[in-house]
Amino acid sequence: MSALLRQIPANIPQDVRKIRIENSHLTELPRGSFENVSALEYLWLNFNNITVMHIKSLEYLPALKELRLQGNKLSSVPWTAFQDTPALKILDLKHNRLDVLPEHALRYLPNLTYLDLSSNQLTVISRDVFYSWPVYQRSQRVEGQIEAISNAVLALHDNPWICDCRLRGFVQFIKSVGPPIILMNSYLTCSSPKFRAGKFFHEVELNSCMKPLTSALDTNLTVPVGLNVTLTCLVQASPSPAVWWTYALKLLRAFNVSTEPISEETVRSELLIPAARPADAGNYTCTAANFLGNTSVAITLRVGAPWASTTPPGWAPIAPAEPGAHVEVRIAKQTVYGITLEWFAATAAAAAEPGETWYTLLVGRYDATQKDTIYIGPGVNTYSVTDLLPATKYEVCVAVRNQAPRKGQCVVFVTGSDISQLEQREKLIHIIVIVCAMVLAVPAGMYACTTEARPGCLARCPGACPRRRRGGQAQAAGSKESTLDSLPAGSEDGLCHPEGGRGSRQSPAHEEPGKTHPPHRNSADLY
C-alpha cells in the first residue's frame, strides 16, 4: 500500500494466491506481468495510475477469480485479454475513463457474477453487448432445460448517458432485465440532451434513428442592399445532427450561425448576414450530418441595387419604415480635407439596444442618381468624409438599418472653389454653411443646411453680401458676422456679385497683366 512501485515486481513467489498493490505509481500492465504466478486467484490494483493494459497482460492466469482495477485511468480495456482468465467471476472497473463498450466485450466472461462499470464516461452502448454475454444467453434458454444459473450483479450507474435513438435498445434492455441479472442501481439517468437531462430510463421513450432531412422555408430570397438577412434551415434527424453553412465552398464563421432544437427531432439553424451587400449574393448551403449520413439544402440570395438618395418626389422606402425611425445628424468637425459626421438614433429600438443598431450612409454629389453606400456597425455614430473635390455640392444621408433616409437625415454642403489654396478652401466651406446656419437660427455647431430648409436659406443669402461691400460701414459685433468679414476676395466673388460683373474689391495692382482667368465656378450658385 502506498509504495513507490512503478512496475509489477518480478520476484513474486510462484505459490502466491493473492496480490494487492494499491495507491502506488503503476502506469501500465505489460505483457506477461504475472507469468510466474499461475496460482494467482485475487489481483487488486486499485487507485494506481494505470492507463495501458496489454492484450496479453493476464496471460498464464487460468485460476484468476477476482480482478479489481478501480480508480485508475483506463480509457479502454482489451476485452479479448479475458480469454486467458476463464474462471474470472468479479471484474471491478469503476471510476475509470471508459467511454466505449464494444459488442464483444462480455463474450469472454462466461462465469462472471459481478461487473462494475459505474462512474466511467460511457454515453452510448448497444444492447447487443449484453445479448452476447453468456450469462444472459443462459438465462434466455427455452423452458424445459433446467440449469442452475448464478445471479450476476451489474453496475452501470453514474455514467453520462446520451438518451437519444442510439441508446434505444439499451434502454429497452434495462427496462426488461431481470434475474439472474440484477442491477446494482436500476435508476439510471440521462445526462443529455438537455430536455431529457435528469430523467430516469424508465421515464423516457426513444424513437428509431433517422438520417437528416433538410429543408428551407424559402430557397430563393431577394433583398435590398443594407438589409439584415437571416437564412433559415430546418433539419429533421435523430440523433441530433451537426449543422454548418457554406458559401462558395467556404465554411462560414460560427458566430454568425445559431442552431437550436425546436422539437425532439427537429432543429433550426439560422445564418445572419448583417447589412447585405451585392457581394453577399449567391448560393448558401446548409448541411446536416449524423452517423447515418448527411444531406443539404441550398438557398439562393439576391441583393438588390443600392438606394438612390434623391428619388423625387420625396423618399421611397424599400422596406416598411420602422415606427419612429429617425436619425439626428450633424457635422461635428470640419477640416481642410473634409468633414466628420455625428448622428444619434431617435428610434425606440435603437435607444433600447444601441449596441445592436446598424446604420447606412449614403455619400456623394448632390446631383448624383446613385451614391456610395457605407455600412456602419453597432456602437459607431461618427464617420469622416474626405477626399472631396473643390467647388462641388455634396449630400450625406444617414439611415437606420434598411430604412430609406427621411427628411432631416441628410446634410448638404459645398466645398471651396480653389483646391490649391487650402486655407481659403477651409474658409469657404465654413462661410457657406455658417451663412445658412445663421439665417436658419440653427445651433452654431451644425454647419449645414438640411434638405428641406434650403429654399429659406437661399432667399436670404444674397442680402447678406451688400453689407460686406460697404467696406465695414455697419460692422457687426456677433461672431457670425465677424466670420463673414473674414471672407477673402475670392470667396466674395464666389458668393455674390452684381449681374453686370464681378465685385471690384480686388485691386488691379494685384492682377498680372495679360493674365486670362479660367472659367470660375460660382460656389454660391450651386445652391
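Per an unreviewed UniProt entry, the chain carries the name LRIT2 protein and comes from Cochlearius cochlearius.

**So, the overall build of the chain**
In terms of regular secondary structure, the chain is built from 8 helices and 27 strands. Among the 527 residues that make up the chain, the fraction classed as buried is 43%. Counted over contacts in the chain with a minimum sequence separation of 6, partners at least 24 positions apart contribute 64%.

**Points about the packing of aromatic side chains**
Between two aromatic rings, the relevant description is the distance of the centres plus the angle of the planes. In total, this model carries 13 aromatic pairs according to the counting rule given. Centre to centre, the rings of W79 and F82 are 5.8 Å apart; their planes meet at 50°, and the pair counts as tilted. Ring centres 5.7 Å apart and planes at 20° place the aromatic pair Y394 and F413 in the stacked group. Residue Y394 is found in strand β26 (residues 393-400), and its partner F413 is found in strand β27 (residues 410-414); the two are separated by 19 residues along the sequence. Each member of the pair, Y394 as well as F413, carries the same accessibility label: buried. Among the aromatic residues, ring-to-ring pairing joins F130, Y131, Y136, W161, F170, F173 and F201 into one connected group. Taking NZ or CZ as reference, K18 lies 6.0 Å from the ring centre of Y42, over its face. One residue, K18, lies across the ring of W44, its end atom 4.7 Å from the ring centre.

**Overview of the nonpolar core**
Judged by nonpolar contacts, the single largest core of 59 residues is most densely connected at W79 and F170. Within the residue set of this core, elements represented by two or more residues are α1 (128-131), α2 (134-139), β8 (152-155), α3 (168-176) and β10 (181-183). Sort the elements by how many residues they give to this core and α3 lands first, with 4 residues. With residues near it in sequence (within four places) discarded, F170 still touches I125, R127, F130, L156, W161, L188 and F201. V223, C233, C286 and A288 belong to the second-largest nonpolar core, a separate cluster that totals 21 residues.

**What about the sheet that holds strand β18 (residues 266-273)?**
The strand order β12-β14-β18-β17 describes an open sheet built from 4 strands, whose pairing is antiparallel. On the outer flanks of this sheet lie β12 (210-215) and β17 (257-261), each paired with one strand and no other. Each strand axis lies, on average, 20° off the axis of its neighbour in the sheet, ignoring direction. As paired strands, strand β14 (residues 229-238) and β18 are joined by 8 bridges and run antiparallel to one another. Opposite Q236, over in β18, you have T266 as the bridge partner.

**Focus on the confidence of the model for the chain**
Scored by pLDDT, the chain has a mean of 76; 70% of the residues are at 70 or more. Under a pLDDT of 50 for its full length, residues 307-323 has, in the predicted model, 43 contacts with residues more than four places off or in other chains. Taken together, the stretch residues 430-527 has pLDDT below 50 and engages in 112 contacts with residues farther than four places along the chain or on a different chain.

**Brief notes about the pattern of salt bridges**
Following the criterion strictly, the structure yields 16 salt bridges and no others. With a closest N to O distance of 3.8 Å, E270 and R268 form a salt bridge. Since its relative accessible area comes to 28%, E270 is described here as partly exposed. A salt bridge links D367 to R365; its shortest N-O distance comes to 3.7 Å. Several salt bridges share partner residues, and in doing so they unite E66, R68, D92, K94 and D116 into one network.

**Quick notes on the sheet that holds strand β24 (residues 372-376)**
Across the sheet, which stays open at both edges, the 4 strands sit in the order β24-β23-β26-β27 with antiparallel pairing between neighbours. Two strands bound the open sheet, and with one partner strand each, they are β24 and β27. Within this sheet the neighbouring strands show an average axis-to-axis angle of 20°, counted without direction. Inspection of the sheet shows strand β23 (residues 359-365) paired to β26 by 7 bridges, in the antiparallel sense.

**What about the state of the cysteines?**
Here a disulfide denotes one covalent bond, and it connects the sulfur atoms of two cysteines. By the definition in use, this model includes 4 disulfides. A disulfide bridge connects C165 with C209, and the sulfur atoms are separated by 2.0 Å. Between C165 and C209 the disulfide shows an S-S torsion of about 100°. By sign, it is right-handed. Taken together, the positions of C165 in the loop between β9 (161-162) and α3 and C209 in the loop between β11 (190-192) and β12 put the pair 44 residues apart, joining distant regions of the chain.

**Things to note about the environment of L115**
Checked against the element boundaries, L115 lands in strand β7 (residues 114-116). Non-local contacts of L115, meaning those with residues more than four positions away in its chain, are made with L91, L106, V153, L154 and A155.

**Observations concerning unusual backbone geometry**
For the peptide bond that leads from S192 to P193, omega is -5°, which places it in the cis range. The residue P193 is located in the loop between β11 and β12 in this model. Cis geometry is found at the peptide bond from S238 to P239, where omega equals 5°. Backbone geometry places A391, a non-glycine residue, at a positive phi of 50°. Mapped onto the fold, A391 is located in the loop between β25 (382-385) and β26.

**Comments concerning the environment of K89**
Counting through the fold element by element, K89 comes out in the loop between β5 (66-68) and β6 (90-92). Using a relative accessible area of 43% as the deciding quantity, one classes K89 as partly exposed. With 25 residues separating them along the chain, K89 and Y114 place their C-alpha atoms 6.4 Å apart. When near neighbours in sequence (up to four residues on either side) are disregarded, K89 contacts K65, N111, L112, T113 and Y114.

**As for α3**
Those residues of α3 that fall on the buried side of the exposure criterion are G169, F170, V171, F173 and I174. If you follow the buried residues of α3, they end up packed against α1, α2, β9 and β10.

**Section: the side chain of Q70**
Along the chain, Q70 turns up in the loop between β5 and β6. Residues contacting Q70, with those up to four places away along its chain left out, are L45, N46, F47, D92, K94, H95 and N96.

The rules we used
- For every chain, the first residue of the written sequence is number 1, and numbering continues from 1 onward in sequence order.
- Note on the predicted model: pLDDT of at least 70 is required for a residue's local features to be given, and 80 or more for side-chain atom pairs to be given and counted; whole-chain, interface and lining totals, by contrast, use all residues.
- Think of the side-chain values as coming from all heavy atoms in the structure, minus any hydrogens and water.
- Every helix listed is a DSSP run of H or I at least four residues long, and every strand listed is a run of E at least two residues long, numbered separately from the N terminus.
- Between buried and exposed lies partly exposed: a residue is buried under 20% and exposed over 50% of the maximum accessible area for its type, with that area taken using a 1.4 Å probe on protein chains only.
- In what follows, a contact means two residues having at least one pair of non-hydrogen atoms within 4.5 Å.
- For Phe, Tyr and Trp, where Trp contributes only its six-membered ring, two rings pair if their centres lie within 6.5 Å, and the inter-plane angle classes them as stacked under 30 degrees, edge-to-face over 60, or tilted in between.
- Charges are assigned to positions over rings by a cutoff of 6 Å between ring centre and Lys NZ or Arg CZ, combined with an angular limit of 35 degrees from the ring normal.
- To qualify as a nonpolar core, a set must consist of buried Ala, Val, Leu, Ile, Met, Phe, Trp, Tyr and Cys residues joined through side-chain atoms within 4.5 Å.
- Here, any two strands with at least 2 DSSP bridges between them count as paired.
- Each axis is a line fitted through C-alpha atoms, taken for helices only over the stretch in contact, and angles between the N-to-C directions span 0 to 180 degrees.
- pLDDT expresses, on a scale from 0 to 100, how confident the predictor is about each individual residue.
- Whenever a carboxyl oxygen of Asp or Glu lies within 4 Å of a side-chain nitrogen of Lys or Arg, that contact is scored as a salt bridge.
- Cysteine sulfur atoms are paired as a disulfide whenever they come within 2.5 Å of each other.

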